[in-house]
Amino acid sequence: MINRRSIITFAALGAVSALAIMAGGTITVHAANKELKIGFVGVTSGAAAAWGTSNVRSMQTRATWINETGGVKIGDETYDINIVTFDDQKDPKRAIAGMEKMAQEGIHYVVGPNVDDGAAAVRPVAESKGIIYFPYAFPKELYTPPASNAVLGMIANYQSAPAIYKYLMENRGVKKVAFVAANESDPLSQRDGGVAAAKALGLEVVAATDVYQNDTRDFTPVLTPIVLQKPDLLVLSGVAPGNAPLLIRAARELGYEGLISTETAQDAKVLEEGAGELANGFISVGGASTPDIASDTMKEFVDRYTKMFGEYNDESNTKVYALEYIIETLKANPAAIDNVEEFKKTIDTFSAPNPYLKDDAKLTYVGMTSFGQKRQLSVPMVVTEYRDGKFETLFVAEVD
């Protein structure tokens, strides 16, 4: 479990975090290097903990790797990377406190928050304190003008949902779809986006208003009327990793035989432990890599992550990118180290080799179609199907 204020400090006098100690990791420090702090504010406890834990572990793994190999050169200086973390417990008020903490420590680049409410709540602090942040949250107003300090770190549901539904219509014969969501702003927003996408594709929506409380543990009463509608596809809109296996199990035990999907990333271990074979066939947006496209650097990242933490989360194939984009953009314009306006100037023309994909893949910023400006990381849209304890690639796409 990641403590809410755990910090890995890579300077010569810094303390090695409990996580690194437990993982048996060795951190090499270079006393002559300067320190570059990168923050994380997001959820690492509760039902949605897997989302933020994947962020933090990805950042820690990559930072340790960079520091072990001498740090990163930005302009005329070489830096060791210091990851400063804050668990917002999926509470917008705590997210604000976390972002204020980052500002107090002079941190200009922060990964997170992981949910819509938190990402919206921290916007005033980020904009007033000169912080660029990378949410894993989908409200378009965070990324469209006049907003300019947030950069979407993953594929949004309104980008992935049409692709998933279209694929299932063409390849699995889906005609009728039902939606169920937690009674919170994130999943409700994703449900509404999914319903709109389904209708636009010509699907028959047989359930679009059914909700549950996020602390529900018996989903039978919620799902019974939906299952009676006999949809071909049941969409668990915005479902937290801790709730997904409970919903899947309840649906299957009610006799539902159709497909189940979500546009949020999931944790294979949590699915295996919570639903076992009943989760087979569950479709979700996975990490931004597959064996076919993963480079040797990505394979080494997975190996290092696994050795450091004893397990791996497929979602980290996406979460590894945020720190990489921050560092590479700073390398492209060293003046952005202490000036986020310089960072923004660099976004439109930025391009660098993508170390995690084969061939000539590039790191670039996208989002013109969705947001009218480049405020999204370009990562592959990898849609996966869970099968016997692991995710298998269903298809790969991209957004512009």
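Residues numbered from 1 in each chain as written. Predicted model: local features only at pLDDT ≥ 70, side-chain atom pairs only at ≥ 80, totals over all residues. Heavy atoms only, no water.

Per an unreviewed UniProt entry, the protein is named Branched-chain amino acid ABC transporter substrate-binding protein, and its organism is Mesorhizobium escarrei. According to UniProt, the comment filed for the protein under the heading Sequence similarities (unreviewed entry) is "Belongs to the leucine-binding protein family." (UniProt positions renumbered as here; feature names shortened; annotations may be inferred.)

Could you clarify how one ought to interpret the overall build of the protein in this entry?
The number of helices and strands found in the protein is 15 helices and 17 strands. The C-alpha radius of gyration of the protein comes to 21 Å, within 12% of the 21 Å expected for a compact globule of 400 residues. Seen along its three principal axes, the alpha-carbon backbone of the protein occupies a region of about 65 × 45 × 45 Å. By residue count, 57% of the 400 residues in the protein fall in the buried class. Excluding contacts between residues fewer than 6 apart, the proportion of contacts in the protein whose partners are at least 24 apart in sequence is 68%. Looking at the protein as shown, the accessible area adds up to about 15500 Å², and 48% of this sits on carbon and sulfur atoms. (Helix = DSSP H or I, 4+ residues; strand = E, 2+ residues; numbered from the N terminus. Rg over C-alpha atoms; globule rule 2.2 N^0.38 Å. Buried < 20%, exposed > 50% of the residue type's maximum accessible area, 1.4 Å probe, protein only. Contact = heavy atoms within 4.5 Å. Areas by Shrake-Rupley, 256 points an atom, 1.4 Å probe, with all protein chains shown as cover.)

I would appreciate a short explanation of the packing of aromatic side chains in the present structure.
For any pair of aromatic rings, the description rests on two quantities: the centre-to-centre distance and the angle between the ring planes. This model, assessed by the stated rule, comprises 19 aromatic pairs. Note on Tyr109 and Phe343: the rings are 4.9 Å apart at their centroids and 40° apart in plane angle, and the pair reads as tilted. A residue pair is termed long-range when its members are at least 10 positions apart, and Tyr109 in strand β5 (residues 109-111) and Phe343 in helix α14 (residues 340-347) qualify at 234 residues. Ring pairing ties together the aromatic residues Phe301, Tyr305, Phe309, Tyr312, Tyr321, Tyr325, Phe350, Tyr356 and Tyr365, which thus form one cluster. The lysine or arginine in question, Lys319, covers the ring of Tyr136, its NZ or CZ lying 4.9 Å from the ring centre. (Phe/Tyr/Trp six-rings, centres within 6.5 Å; stacked < 30°, edge-to-face > 60°. Lys NZ or Arg CZ within 6 Å of the ring centre and 35° of its normal.)

Is there a simple way to think about the nonpolar core in this case?
For soluble globular proteins, nonpolar side chains are generally found buried alongside one another. By size, the foremost hydrophobic cluster in this structure holds 92 residues, and its most contacted members are Ile81 and Tyr165. For this core, the element with the highest residue contribution is helix α13 (residues 321-332), accounting for seven residues. With 28 residues, the next largest nonpolar core counts Ala182, Leu234, Ala244 and Phe391 among its residues. (Core = buried A, V, L, I, M, F, W, Y, C linked by side-chain atoms within 4.5 Å.)

For this particular structure, what's the right way to read the side chain of Gln159?
Mapped onto the fold, Gln159 is located in helix α6 (residues 157-172). Residue Gln159 is classed as buried on the basis of its relative accessible area, which comes to 11%. Only 2.9 Å separates the side chain of Gln159 from the side chain of Ser370, close enough to count as a polar contact. (Polar contact = N/O pair within 3.5 Å; in protein donor to acceptor, adjacent residues only side chain to side chain.)

How do you make sense of the packing of helix α9 (residues 244-253) against helix α10 (residues 268-275) when you look at a structure like this?
For any two helices packed against each other, one specifies the inter-axial angle together with the distance between the axes. Relative to each other, α9 and α10 sit at 40°, their axes nearing to 8 Å. With respect to α10, the element α9 is oriented oblique. In the packing of α9 onto α10, the handedness of the crossing is right-handed. Seen from α9, the contacting residues are Ala244, Pro245, Ile248 and Arg249; seen from α10, they are Val270, Leu271, Gly274 and Ala275. Across the contact of α9 with α10, the residue classes tally to six nonpolar, one polar and one charged. (Axes fitted to C-alpha atoms, helices over the stretch in contact; angles between N-to-C directions. Parallel < 35°, antiparallel > 145°, perpendicular 65-115°, else oblique. Left-handed = near helix turned anticlockwise from the far one by under 90°. Nonpolar A, V, L, I, M, F, W, Y, C, P; charged D, E, K, R; others polar.)

Would you mind going over the confidence of the model for the protein with me for this structure?
Low pLDDT marks regions whose predicted coordinates should not be analysed in detail. Per-residue pLDDT for the protein averages 91, and the proportion of residues at 70 or more is 92%. Note that residues 1-28 has pLDDT below 50 and, in this model, 59 contacts with residues that lie over four places away or in other chains. (pLDDT = per-residue confidence, 0-100.)

Help me understand the pattern of salt bridges, please; the structure alone is not making it clear to me.
Oppositely charged side chains can form a pair if their charged atoms are brought close together. Within this structure, the stated rule accounts for 19 salt bridges. Among the salt bridges present, the one from Lys307 reaches Asp303, with a minimum N-O distance of 3.2 Å. Here Lys307 and its partner Asp303 are both found in helix α11 (residues 296-309), four residues apart, which amounts to about one turn of the helix. Given the relative accessible area of 37%, Asp303 is considered partly exposed. Lys319 is paired through a salt bridge with Glu315; the nearest N and O atoms lie 2.5 Å apart. An identical accessibility class is assigned to Lys319 and Glu315; each is buried. What you see here is one network of salt bridges that share partners, running through Lys37, Lys101 and Glu105. (Salt bridge = Lys/Arg side-chain N within 4 Å of Asp/Glu carboxyl O.)

Can you walk me through α14 in this structure?
Here α14 has its buried residues at Val340, Phe343, Lys344, Thr346 and Ile347. Angularly, the buried residues of α14 cover 160° about the axis, an arc narrow enough to put them on a single face. Where the residues of α14 are buried, they touch β5, β6 (132-134), α13 and β14 (365-366). Backbone nitrogen of Glu341 and a side-chain oxygen of the N-cap are separated by 3.0 Å at the start of α14; the cap is Asn339. (Arc of directions from axis to C-beta.)

It is not clear to me how unusual backbone geometry should be interpreted in this structure. Could you clarify?
It is generally the case that most residues other than glycine have a negative phi and that most peptide bonds are trans. Backbone torsion omega between Gly112 and Pro113 reads -5°, so that peptide bond is classified as cis. Note on placement: Pro113 falls in the loop between β5 and α4 (116-121). Each neighbour pair has its own omega, and for Pro145 with Pro146 the value is 10°, a cis peptide bond. On the secondary structure map, Pro146 appears in the loop between β6 and α6. A positive phi is found at Lys90, a non-glycine position, where the angle reads about 60°. Along the polypeptide, Lys90 turns up in the loop between β4 (77-87) and α3 (92-104). Residue classification places Lys90 among the partly exposed residues on the basis of a relative accessible area of 28%.

Honestly, the pairing of strand β8 (residues 204-212) in this entry has me stumped. Any pointers?
It is a general feature of regular strands that their side chains alternate between the two faces of the sheet. Here strand β7 (residues 176-182) pairs with β8 via six bridges, running parallel. When the bridges of β8 are listed, Val177 appears paired with Val205. Each parallel crossover has a hand, and the one from β7 via helix α7 (residues 185-200) to β8 is right-handed. (Pairing = 2+ DSSP bridges. Right-handed = clockwise from strand over helix to strand, strands pointing away.)

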